[in-house]
Amino acid sequence: MTLPQHLGKIGELARHAQAAGFSGLLFTEAGRTAYLNAALASQAAPDLELSTGVAVAFPRSPFVTAATAWELQEATAGKFRLGLGTQVRTHVVRRYGATFDHPGPRLRDYVLAVKACFAAFRTGTLDHHGPFYDLDFITPQWSPGVIEAPDPKVDVAAVNPWMLRMAGEVADGVHVHPLGEPGYLARHVAPKVAEGAAKAARSPSDIAIIVPVMTIVGDSDEERHQERELVRASMSFYGSTPNYAFIWDEAGFEGTTARIREKQKAGDFAGMAAQITDEHLAVFATDSTWDTLGDNLVDKYGGVATRLVLYNALGDRERFERYGEVARGISRR
């Protein structure tokens, strides 16, 4: 996982990731867009699988998103996955100037509209009529045309039960939240995705479960200390969102979000991180030596996850390459 980089640097990162042993790169989206980074990475390291994880859906029309994904699928010879998410209301309305009402049903309709566009690129007929998007006009001049690769897979970010069921019903994969510890995966992700799949007469095995994992790795406690504190800060950032409070509570850490938000409102970022105890880290992260990291990740997530995303592998060159060796070992299993 990486934030999009300066466009002059992403080629080097992609080549390095490919050589180190990673099977792919997943681009989140923040100040820089994910799609341009994916395009440049596809040319620099053609063996990598590339994914947006996730790109913000609503500020872009479904047709624009579909056309972009289509070109990236062609550029990667079929190794691109389109990961979409809603973001939160403040960002969508006040930063992007887009509509956010009914985000869950809107995203469901958006996914179906994107897939209708894919079909239109092959057939020349666009026919999608949903509660939020009506698309029924395309001409050869405004179609990217047929590609040899199959349609891109479309994944969605989901946390709550409704969104997980929706992912199982209409998407090709679900991006689990970085706070998705194994208990949450077993209680919510797997069964809710299966419910959605059953509603659409699909097999749950057709839906990829994409799990970002926070790792604390080193051969001594001293080596792991810095990574432990970075993970603690990351968890406090995610844990401040009220919609995610139930994940902490169900894991036995009731009131974690309220305590983090109290510190957040006071501008006390160190205090936010301090609410994440070592007990939190033991459940929500994987603390390991280098030799045992691969086995620990497979033991912890192998029963549910289809794809593991190493959340904090970026860093100095030596650690990045060691993470790459772990990734290579897992991919060979």
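So, a few notes on the structure that sits alongside this text.

Rules used throughout
- Residues numbered from 1 in each chain as written.
- Predicted model: local features only at pLDDT ≥ 70, side-chain atom pairs only at ≥ 80, totals over all residues.
- Heavy atoms only, no water.
- Helix = DSSP H or I, 4+ residues; strand = E, 2+ residues; numbered from the N terminus.
- Rg over C-alpha atoms; globule rule 2.2 N^0.38 Å.
- Contact = heavy atoms within 4.5 Å.
- Areas by Shrake-Rupley, 256 points an atom, 1.4 Å probe, with all protein chains shown as cover.
- Lys, Arg positive; Asp, Glu negative; His and termini not counted.
- Charge placed at Lys NZ, Arg CZ, Asp CG, Glu CD.
- Pairing = 2+ DSSP bridges.
- Right-handed = clockwise from strand over helix to strand, strands pointing away.
- Core = buried A, V, L, I, M, F, W, Y, C linked by side-chain atoms within 4.5 Å.
- Buried < 20%, exposed > 50% of the residue type's maximum accessible area, 1.4 Å probe, protein only.
- Patch = residues over 30% accessible without salt bridge, like charges linked within 9 Å, V, L, I, M, F, W, Y side chains within 5 Å.
- Salt bridge = Lys/Arg side-chain N within 4 Å of Asp/Glu carboxyl O.

1. As for the overall build of the protein chain
Step number 1: Helix and strand content of the protein chain: 14 helices and 12 strands.
Step number 2: The C-alpha radius of gyration computed for the protein chain amounts to 20 Å, which stays within 12% of the reference 20 Å derived for 333 residues, consistent with globular compactness.
Step number 3: Across its three principal axes, the protein chain shows a C-alpha extent of roughly 60 × 40 × 40 Å.
Step number 4: In the protein chain, the proportion of contacts linking residues at least 24 apart, taken out of those at least 6 apart, comes to 71%.
Step number 5: Accessible surface for the protein chain amounts to roughly 15400 Å². Of this, 52% is attributable to carbon and sulfur atoms.
Step number 6: Across the protein chain, the mean location of the 34 positive side-chain charges is 3 Å away from that of the 40 negative side-chain charges.

2. Things to note about the side chain of N312
Step number 1: Along the chain, N312 falls in the loop between β12 (307–310) and α14 (317–331).
Step number 2: Here N312 is in contact with V213, M214, T215, E227, V231 and Y323, once residues within four sequence places are set aside.

3. Things to note about the pairing of strand β7 (residues 153–157)
Step number 1: As defined by bridge partners, strand β4 (residues 80–85) adjoins β7 across 4 bridges and the pair is classed as parallel. Bridge pairing in β7 places G83 opposite D155.
Step number 2: Handedness of the crossover is the feature at issue here: the chain leaves β7, passes through helix α6 (residues 161–170), returns alongside strand β8 (residues 173–175), and the resulting connection is right-handed.

4. Focus: the nonpolar core
Step number 1: Within the largest apolar cluster, 95 residues are counted, with the highest numbers of intra-cluster contacts made by F22, L107 and M235.
Step number 2: Of the residues forming this core, the biggest block, 10 residues, is contributed by helix α5 (residues 103–123).
Step number 3: Setting aside its immediate chain neighbours within four residues, M235 contacts L179, M214, W248, I276, L281, F284 and A285.

5. Points about a nonpolar patch on the surface
Step number 1: Taken together, the side chains of L7, L36 and L40 make up a nonpolar region of the molecular surface, amounting to roughly 250 Å² of accessible area.
Step number 2: Inspection of the secondary structure assignment puts L36 in helix α2 (residues 34–44).

6. Let's talk about the environment of L314
Step number 1: With respect to the helices, strands and loops of the structure, L314 is situated in the loop between β12 and α14.
Step number 2: By relative accessible area, L314 is classed as partly exposed at 40%.
Step number 3: With 292 residues separating them in the primary sequence, L314 and F22 have C-alpha atoms 12 Å apart.
Step number 4: Residues within four places of L314 in sequence aside, it is in contact with M1, T2, L13 and F320.

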